[in-house]
Amino acid sequence: GEAKLLLRHAPSEVKQLAQTFNMMLSRLSEAWEQQRQFVSNVSHELRTPLTIVSGYLQSVLRRSTNLNDNQREALETATSEAERTIHLLQDLLDLARADSGYIHFHLEPLILNDLAIEAATMAEKFSNRSITVKATDNVEAVADRDRLQQVLINLIDNAMKYSDPDDSIILELERIDRQAVIRVCDRGVGIALQHQSRIFERFYRVDESRARSTGGHGLGLAIVKTFVETMGGEIAVRSKPGAGSVFTIVLPIPQK
Ligand code: ADP
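Residues numbered from 1 in each chain as written. Predicted model: local features only at pLDDT ≥ 70, side-chain atom pairs only at ≥ 80, totals over all residues. Heavy atoms only, no water.

Engineer: Before we go on, may I ask you to explain the overall build of the protein chain in this structure?
Structural biologist: The helix and strand inventory of the protein chain stands at seven helices and seven strands. Taken from the N to the C terminus, the helices and strands of the protein chain come in the order α-α-β-α-β-β-α-β-β-α-α-α-β-β. Expressed as a percentage of its 256 residues, the buried residues of the protein chain come to 37%. Partitioning the intrachain contacts of the protein chain with sequence separation of at least 6 by distance along the chain shows that 70% fall at a separation of at least 24. In the structure as shown, the protein chain presents an accessible area of about 15900 Å², 53% of it carried by carbon and sulfur atoms. (Helix = DSSP H or I, 4+ residues; strand = E, 2+ residues; numbered from the N terminus. Buried < 20%, exposed > 50% of the residue type's maximum accessible area, 1.4 Å probe, protein only. Contact = heavy atoms within 4.5 Å. Areas by Shrake-Rupley, 256 points an atom, 1.4 Å probe, with all protein chains shown as cover.)

Quick look at the structure:
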């Protein structure tokens, strides 16, 4: 529900103050909603033409046999920037929708082992890297299958981006008390302590210069956190520069 200051038995000046305050609150929340709507509309409007641009660029690249190296490189850069921007727009749409509660989360009991193996297999297919799933038992959780899949893929994607190609990536599943625990572990560059609490913020990136070449816009972890929390879970990171990172997700288990 909406926040509101209720002061039924206060003197009239205080009541008036409360009224003004409540009016400000409701204007603020309207303004927020308008901003979300705006971001969502702009993202949507830009995505369609960009998808067309990218499609044409790719078809030109495929069909042209007489391009010189410079021309080919220019077209390839244009294509990958268009793709990167399409990705950004999709992320902005996801966030705006999650903020306004428009994404419907279908929460159901799931066996995480299958889901983790699917995510790992998908990531392996696109990357030539091997990802290990470790679990001693089947681990159940209540979650939205598609959104959790998206969360795992985002985390695995980061693990791959911020580590060397032959560094191992491990997905661990475990049940601890009445919670399901998922860990995504890498042995990559790691994250210094002062950045660890900030990487979940929108558009926050640790090293803009290096990060730029790795493709993202700093929205991936913001989406991950929003999705996990909407499913009633929590996410945290433990990391040491040079040694690697562990992202831990905790989810509720089915009530029996
Ligand atoms: P992006 O990867 O697009 O920059 P994210 O929101 O996914 O955005 O991550 C934010 C920042 O957190 C990254 O720019 C990177 O600096 C840091 N980061 C995320 N995952 C890892 C990881 N597994 N290892 C090291 N740094 C990471």
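Engineer: Got a minute to help me understand the sheet that holds strand β2 (residues 131–134) in this structure?
Structural biologist: Strand-to-strand pairing in sheets goes through backbone hydrogen bonds, with the strands running parallel or antiparallel. Read across the sheet, five strands follow the order β2-β4-β5-β7-β6 without closing on themselves; strand pairing throughout is mixed. Lying at the two open borders of the sheet, with one neighbouring strand each, are β2 and β6 (234–240). Strand-to-strand twist of the sheet, defined as the mean angle between neighbouring strand axes without regard to direction, takes the value 15°. Sheet analysis places β2 next to strand β4 (residues 169–176), joined by four bridges and oriented parallel. When the bridges of β4 are listed, Ile 131 appears paired with Ile 169. Against the sheet, helix α3 (residues 112–127) contacts β2, β4 and β5 (179–186), and its axis sits at roughly 175° relative to β2. (Pairing = 2+ DSSP bridges. Axes fitted to C-alpha atoms, helices over the stretch in contact; angles between N-to-C directions.)

Engineer: Looking at this structure, I do not really get the site of the ligand. What am I missing?
Structural biologist: Of all residues adjacent to the ligand, which total 20 residues, the nearest are Lys 161, Tyr 162, Asp 186, Arg 205 and Leu 221. Between the ligand and Asn 158 there is a distance of 2.9 Å, counted from an oxygen atom to a side-chain nitrogen or oxygen. The separation between a nitrogen atom of the ligand and a polar side-chain atom of Asp 186 is 2.8 Å. The protein chains hide 98% of the 530 Å² of surface that the ligand would expose on its own. For the shell around the ligand, the elements supplying multiple residues, two or more each, are α4 (145–161), α7 (220–230) and β7 (244–252). Per-class residue counts for the shell around the ligand are 10 nonpolar, seven polar and three charged. (Near = heavy atom within 4 Å. Polar contact = N/O pair within 3.5 Å; in protein donor to acceptor, adjacent residues only side chain to side chain. Nonpolar A, V, L, I, M, F, W, Y, C, P; charged D, E, K, R; others polar.)

Engineer: Quick question: what am I supposed to make of the packing of aromatic side chains here?
Structural biologist: In this structure the tally under the stated criterion is two aromatic pairs. Taking 5.6 Å as the distance between ring centres and 80° as the angle between the ring planes, the aromatic pair formed by Phe 105 and Phe 227 counts as edge-to-face. Here Phe 227 lies in helix α7 and Phe 105 lies in the loop between α2 (69–99) and β1 (108–111), a separation of 122 residues in the sequence. Accessibility classification places Phe 105 together with Phe 227 in one group, the buried group. Here the aromatic rings of Phe 200 and Phe 247 are separated by 6.2 Å at their centres, their planes lie at 80°, and the arrangement is edge-to-face. (Phe/Tyr/Trp six-rings, centres within 6.5 Å; stacked < 30°, edge-to-face > 60°.)

Engineer: Hey, could you run me through helix α1 (residues 12–63) in this one?
Structural biologist: Three- or four-residue spacings in an α-helix give side chains the same orientation, since the helix completes a turn every 3.6 residues. Under the 1.5 Å per step criterion, the end-to-end length of α1 is 76 Å for 52 residues, consistent within 8% with the ideal 76 Å. Lining the buried residues of α1 we find α2. (Expected span 1.5 Å × (residues − 1).)

Engineer: So what exactly am I meant to see when it comes to the environment of Glu 83 here?
Structural biologist: Locating Glu 83 in the fold gives a position in helix α2. When its relative accessible area of 36% is taken as the criterion, Glu 83 is described as partly exposed. Measuring from C-alpha to C-alpha, the distance between Glu 83 and Ser 54 comes to 6.8 Å, with 29 residues separating the pair along the chain. Reaching out from Glu 83, the side chain makes a polar contact with the side chain of Gln 58 at a distance of 3.3 Å.

Engineer: Can you help me understand the pairing of β4 in this one?
Structural biologist: Consecutive side chains along a regular strand alternate between the two faces of the sheet. Note: β4 against β5, eight bridges, orientation antiparallel. Across the sheet, Leu 171 pairs through a bridge with Val 184, a residue of β5. Counting the residues in the hairpin turn of β4 and β5 gives two residues, including Asp 177, whose phi is positive at 50°.

Engineer: Help me understand the nonpolar core, please; the structure alone is not making it clear to me.
Structural biologist: Buried together is how nonpolar side chains tend to be arranged in soluble globular proteins. Ranked by internal contacts, the top residues of the largest apolar core, which has 48 residues, are Leu 148, Leu 155 and Phe 247. Looking at this core element by element, the count peaks at seven residues for α4. Residues in contact with Leu 155, not counting those within four places in the same chain, are Val 184, Leu 221, Val 224, Ile 235, Phe 247 and Ile 249. (Core = buried A, V, L, I, M, F, W, Y, C linked by side-chain atoms within 4.5 Å.)

Engineer: In this structure, what is going on with α3? I would like to understand it.
Structural biologist: Under the 1.5 Å per step criterion, the end-to-end length of α3 is 22 Å for 16 residues, consistent within 8% with the ideal 22 Å. Within α3 the residues assigned to the buried category are Leu 112, Asn 113, Leu 115, Ala 116, Ala 119, Ala 120 and Ala 123. For α3, the buried positions fall inside an angular range of 165° around the axis, keeping them on one side. Looking at the packing, one finds that the buried side of α3 touches β1, β2, β3 (140–143), α4, β4 and β5. (Arc of directions from axis to C-beta.)

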